[in-house]
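Here's the letter readout for the chains.
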Amino acid sequence: MELFYVSLISIFVILISLSLHFLLYKNKSPGRGGAPLPPGKTGWPILGESLEFLSTGWKGYPEKFIFDRMSKYSSAVFRTHLFGEKAAVFAGAAGNKFLFSNENKLVQAWWPASVDKVFPSSNQTSSKEEAVKMRKMLPNFFKPEALHRYVGIMDHIARRHFADGWENKQDVVVFPLTKNYTFWLACRLFVSVEDPGHVERLAGPFNDLASGLISIPIDLPGTPFNRAIKCSNFIRKELISIIRQRKIDLAEGKATATQDILSHMLLTSDDTGKFMNELDIADKILGLLVGGHDTASSACAFVVKYLAELPEIYEGVYKEQMEIANSKAGGELLNWDDIQKMKYSWNVACEVLRLAPPLQGAFREAITDFMYSGFSIPKGWKIYWSANSTHINPECFPNPKNFDPSRFEGSGPAPYTFVPFGGGPRMCPGKEYARLEILVFMHHLVKRFRWEKMIPDEKIVVNPMPIPAKGLPVRLYPHNK
């Protein structure tokens, strides 16, 4: 099917390229004020280098697009054309520092047009004002006392998840299971949906939405983008029903103001005293579900992958987690203090996030002309930062392809080199939430099983985050009880 899309796009390009090339792509080397633009190329008319940017991920080596151009043009910044936009890619720790330090000064958040079309009723993905409103609201949900309370809930859901999906099975496919785990948690903690049947009804469409969210925006039947739009509309309707029922439950005292982020959104007004409407809340919850589960599901799957490949790392995690498990009374849930003891496990998880970052990078938009590394960046250009430009860069991490959790001991990596959650004012507000769900998953996983990969050399694809091509099938070996 992917070859069909590529062929369709290629025919389209051939038909229009000759007539439009010079009209649309009369590039001027000097930037504004006479300073040169970053070196690079803009690729095909209309499509730019979007296909190559995406296809290197489909082939399993997303860093190739970045490092090939860093080597050819500049290790600091290069020019390209992505998703219909003139763009510059900032590379390395210095590029990360510059962008993260100049949020809302020189740059602001930006997403490709496909995201706006999947979320048509809300500006949250492209509006600076909406993003500010959302970030004012989220700290209440992710503040320390709330996180403390989530540990027990996560442990409860994890027990049910492993009982349903893992126990009494010889072989399992890991990635669908980790998606189920993190989506179940998000449904429970964001909108208090815990029933497995209800979660499952939302999960299938949600996975199609997430897959097509950042894709080439071709709205034709069968394309990932078309499926994402349809699934977004379906989930939005489901969320509207949940929201309306919650309003009734709040009025009748059957729900509380603090039970989840949905109640908080319904009962919290903005600075002018205005409350969000139902559709706006549905879109914001939808965006939170994307950010709150999809990235962590990838991280959990890669924890399974690396622990299968590295028995000595598994032993360290197992030892730490069993000390915690053996300190608990029968049926006693994990608590915040237990999480704080999982230091080695979190170092292992961080190394997983370094080698397989769920967030490969993100876009910004230049809100004014500025200079960077001797090059002019014009207002309106899109700017992309890449986690791989530091995560697997030997200047930032010696022997970068080696799995070494000790990198995160003591003060850890140098600033702006380890960026799985972004950085600056737009650092992922759910970073601590993600830490909890990953560690709770690791606890229940190693406490129950050893395992081995059934496809030793399984390919990894990135679309838009890294996933095992066959879902990571493993054979389970339960510990003797």
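This text goes with the structure placed above it.
Okay, so let's go over this structure. (Residues numbered from 1 in each chain as written. Predicted model: local features only at pLDDT ≥ 70, side-chain atom pairs only at ≥ 80, totals over all residues. Heavy atoms only, no water.)

### Looking at the overall build of the chain
- Regarding its fold elements, the chain presents 17 helices and 12 strands.
- Out of the 481 residues belonging to the chain, those deemed buried represent 56%.
- In the chain, 71% of the contacts between residues at least 6 apart in sequence involve partners at least 24 apart.
- Roughly 21400 Å² of accessible area belongs to the chain as shown, and the carbon and sulfur atoms make up 56% of that amount. (Helix = DSSP H or I, 4+ residues; strand = E, 2+ residues; numbered from the N terminus. Buried < 20%, exposed > 50% of the residue type's maximum accessible area, 1.4 Å probe, protein only. Contact = heavy atoms within 4.5 Å. Areas by Shrake-Rupley, 256 points an atom, 1.4 Å probe, with all protein chains shown as cover.)

### Some thoughts on the pairing of strand β8 (residues 382-386)
- Across the five residues that make up β8, a large majority, five, are buried.
- Here β8 shows a buried face lined by K382, Y384 and S386 and a second buried face lined by I383 and W385.
- Pairing of strand β2 (residues 85-90) with β8 involves four bridges; the strand directions are parallel. The residue of β8 that forms the bridge with V89 is Y384. (Pairing = 2+ DSSP bridges.)

### With respect to the sheet that holds strand β3 (residues 107-109)
- The five strands lie next to each other as β1-β2-β8-β5-β3, forming an open sheet whose pairing is mixed. At either margin of the open sheet sits one strand with a lone partner, and together these are β1 (77-82) and β3. Strand-to-strand twist across the sheet, computed as the mean angle between neighbouring axes with direction ignored, equals 35°.
- Both β3 and strand β5 (residues 361-366) contribute to a ladder of three bridges, which runs antiparallel. Its bridge partner lying in β5, Q108 is registered against E365.
- The strands that helix α3 (residues 63-72) touches are β1, β2 and β8; relative to β1, the one it contacts most, it runs at about 135°. (Axes fitted to C-alpha atoms, helices over the stretch in contact; angles between N-to-C directions.)

### Let's talk about the nonpolar core
- W166, F190, L307, Y433 and W451 are the most contacted members of the largest nonpolar core, which totals 103 residues.
- Looking at this core element by element, the count peaks at 15 residues for helix α12 (residues 278-309).
- Those residues in contact with L307 that lie beyond four places of it in its chain are I313, Y314, V317, V348, V446 and W451. (Core = buried A, V, L, I, M, F, W, Y, C linked by side-chain atoms within 4.5 Å.)

### Description of helix α15 (residues 343-355)
- With 13 residues, α15 should reach 18 Å at 1.5 Å per residue; the first-to-last C-alpha distance of 19 Å fits that figure.
- Buried residues dominate α15, accounting for 11 of its 13 residues.
- For α15, the set of buried residues is S345, W346, N347, V348, A349, C350, E351, V352, L353, R354 and L355.
- For α15, the secondary structure elements touched by its buried residues are α12, α13 (311-326), α16 (388-391) and α17 (431-448). (Expected span 1.5 Å × (residues − 1).)

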